[in-house]
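So you can see what is in the structure, the chains are spelled out below.
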2 protein chains.
Amino acid sequence: MSRKASPVRKQSLHALPTEQAQARRFGKARSARSTAILEDYVELIADLIESTGEARATDIARRLGVSHPTAINTIARLKREGLATARPYRGIFLTEKGDVLARRVRARHRLVLEVLLALGVPHEAAEADAEGIEHHVSEATLKAFSEFLRGSRVKKAS
Amino acid sequence: MSRKASPVRKQSLHALPTEQAQARRFGKARSARSTAILEDYVELIADLIESTGEARATDIARRLGVSHPTAINTIARLKREGLATARPYRGIFLTEKGDVLARRVRARHRLVLEVLLALGVPHEAAEADAEGIEHHVSEATLKAFSEFLRGSRVKKAS
DNA sequence: CTTCAATTGTAGCCAAAGCTACATGTTAGT
DNA sequence: ACTAACATGTAGCTTTGGCTACAATTGAAG
Ligand SMILES: [Mn+2]
Ligand SMILES: [Mn+2]
Ligand SMILES: [Mn+2]
Ligand SMILES: [Mn+2]
């Protein structure tokens, strides 16, 4: 490739996409990867507040399985990005923006999990995989997922 | 939470998993994230070699949408991890280990893509989302996916 | 055989995520 | 009121994955 004028151009069964298309796709995956952690944090903070009344930095660290300085660093990033605030020794709080994001992320998480379960993925694998997959699901895919679930719920009820 | 003996422990509709379970899940997602880029590179290198005869660093960079030093850096990591070798001005080559990984990754990529399409996700969204999702799909999920596809192929043939 | 464009490499920067080790602050219980 | 356990914060390090700018090498075409 490159300078060499492509010689025979043997076509394989799975042809490559154009450079531009492929770069666009990889770029989307990269940007999803870079927001994945923020999403996990706001979702977890919302969950903790809802189920225990507060979200403390150490609890967040333990649930994520990271050291507490790591959690504190990331929480600082949340603050910088206007997603959260903190009152020391009193826990972490979501801003309006953070709360909106948390709701979206939570809805997506549940939907992905339900689809995996509906496809017959065993419970624990579904839970674990959903934690990663959720960050890479576009609106279009979300819509397809919820329509698929509507369908399979109808089928189950018959 | 934390020191405070949990008072009423009001149960919500979606109870939290245990700390250990949740930490295990997040840990898996983190480790998948850290290998995602390696996987994309070996897959792309295999694709380029198969369809054009060689995989040059600049072509890889263009297709990924990153600068060429970034690609070269990551290729250095591939070499360090024993996945690839390079002959300057002659392209990148996969080691046996790299080739094994590339095959697995490619199979997974196709399967994820097919499942998304079967669920009714529009083509371009499916292609883009698959690029991210593929790195977070466990063996168990893969198995469920291929069984689901077998089912839907049968249904289509009826 | 020369040249010049393309490829490859190097240097040096940045931010994000992770870590350990240590320091400081709070508060629950006695 | 004290104090010890726990929460929080700080310092300083690493690796990864980005970038730009510049340098060096190669080889295709004239
Ligand atoms: Mn997640
Ligand atoms: Mn989640
Ligand atoms: Mn990918
Ligand atoms: Mn892929």
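These numbers come from a predicted model, not from an experiment. In every chain, residue numbers begin from 1 and rise along the written sequence. All chains are assigned letters beginning with A, and all ligands numbers beginning with 1, in the order in which they are written. pLDDT decides what is reported in this predicted model: residues at 70 or higher carry local features, side-chain atom pairs at 80 or more are listed and counted, and totals for whole chains, interfaces and linings draw on all residues regardless. With hydrogens and water set aside, each side-chain value is computed from the structure's full complement of heavy atoms.

1. Quick look at the side chain of Glu134(B)
Residue and element names in this part refer to chain B.
Moving on, step 1. Elements are defined by DSSP. Helices are runs of H or I of four residues or more, strands are runs of E of two residues or more, and each kind is numbered from the N terminus. Mapped onto the secondary structure, Glu134 falls in the loop between helix H5 (123–133) and helix H6 (139–157).
Moving on, step 2. Any pair of N or O atoms that falls within 3.5 Å is considered a polar contact. Within protein, one atom must be able to donate a hydrogen and the other to accept it, and sequence-neighbouring residues count only if both atoms are side-chain atoms. Of note is the side chain of Glu134, whose polar atom sits 3.1 Å from the side chain of His135.
Moving on, step 3. Here, two residues are considered to be in contact whenever any of their heavy atoms come within 4.5 Å of each other. The contacts of Glu134, once residues within four sequence positions are left out, are Asp40, Glu43, Val105, Arg108, His109 and Val112.

2. Quick word on the packing of helix H2 (residues 57–64) of chain A against helix H1 (residues 19–52) of chain B
Moving on, step 1. The axes are straight lines fitted to the C-alpha atoms, using for helices just the contacting stretch, and the angles between their N-to-C directions are given from 0 to 180°. Packing of H2(A) against H1(B) brings their axes to within 6 Å, and their N-to-C directions diverge by 65°. Across from Arg62(A), Arg63(A) and Leu64(A) in H2(A), the residues of H1(B) making contact are Glu19(B), Gln22(B), Ala23(B), Phe26(B) and Arg30(B).
Moving on, step 2. Its residues assigned to classes, the contact of H2(A) with H1(B) shows three nonpolar, one polar and four charged. Residues are grouped as follows: Ala, Val, Leu, Ile, Met, Phe, Trp, Tyr, Cys and Pro are nonpolar; Asp, Glu, Lys and Arg are charged; every other residue, Gly included, is polar.

3. Remarks on the relation of the copies chain A and chain B
Moving on, step 1. Here the copies are matched by least squares. The fit uses the C-alpha atoms of residues with pLDDT of at least 70 in both. Rotating chain A by 180° about the axis while translating it 0.0 Å along that axis superimposes it on chain B, leaving an RMSD of 0.0 Å. Both chain copies can therefore be described as sitting about a two-fold axis. Considering only C-alpha atoms, the part of chain A nearest the rotation axis is Ile133(A), at 2.6 Å.
Moving on, step 2. Same-surface contact between copies: 100% of interface residues of chain A are shared with the interface of chain B.

4. A closer look at the protein's contact with DNA strand C
Moving on, step 1. In the region of DNA strand C, 23 residues are neighbours, and Ser67(A), Thr70(A), Arg77(A), Arg90(A) and Arg30(B) sit closest.
Moving on, step 2. The nearness test applies per residue and asks whether one of its heavy atoms lies within 4 Å of the molecule or strand. Here DNA strand C approaches the protein such that, of its atoms within 4 Å, sugar and phosphate make up 68%.
Moving on, step 3. At 2.9 Å from a phosphate oxygen of DNA strand C is found a main-chain nitrogen or oxygen belonging to Ser67(A).
Moving on, step 4. For DNA strand C, a phosphate oxygen lies 2.7 Å from a polar atom in the side chain of Thr70(A).
Moving on, step 5. Elements with a contribution of two residues or more to the surface near DNA strand C: helix H1 (19–52) and helix H3 (68–80) of chain A together with H1, helix H2 (57–64) and helix H3 (68–80) of chain B.

5. Thoughts on the interface of chain A and chain B
A common measure of how large an interface is: the accessible area buried when the components associate.
Moving on, step 1. Contacts between chain A and chain B engage 61 residues on the former and 61 residues on the latter.
Moving on, step 2. Buried surface at the junction of chain A and chain B, both sides included, amounts to about 5600 Å², of which 55% is carbon and sulfur.
Moving on, step 3. What makes a salt bridge here is a side-chain nitrogen of Lys or Arg within 4 Å of a carboxyl oxygen of Asp or Glu, nothing more. Where chain A touches chain B, the interface holds eight salt bridges.
Moving on, step 4. Between Arg62(A) and Glu19(B) there is a salt bridge whose closest N-O contact spans 3.1 Å.
Moving on, step 5. Where chain A packs against chain B, one counts 19 residue pairs in polar contact (both at pLDDT 80 or more).
Moving on, step 6. Of all the secondary-structure elements, those providing two or more residues to the side of chain A that touches chain B are H1, H2, helix H4 (96–118), helix H5 (123–133) and helix H6 (139–156) of chain A. Once two parts are put together, the accessible area they lose, assessed with a 1.4 Å probe and summed over both, is termed the buried area.

Worth remembering: the numbers are spatial, not functional.
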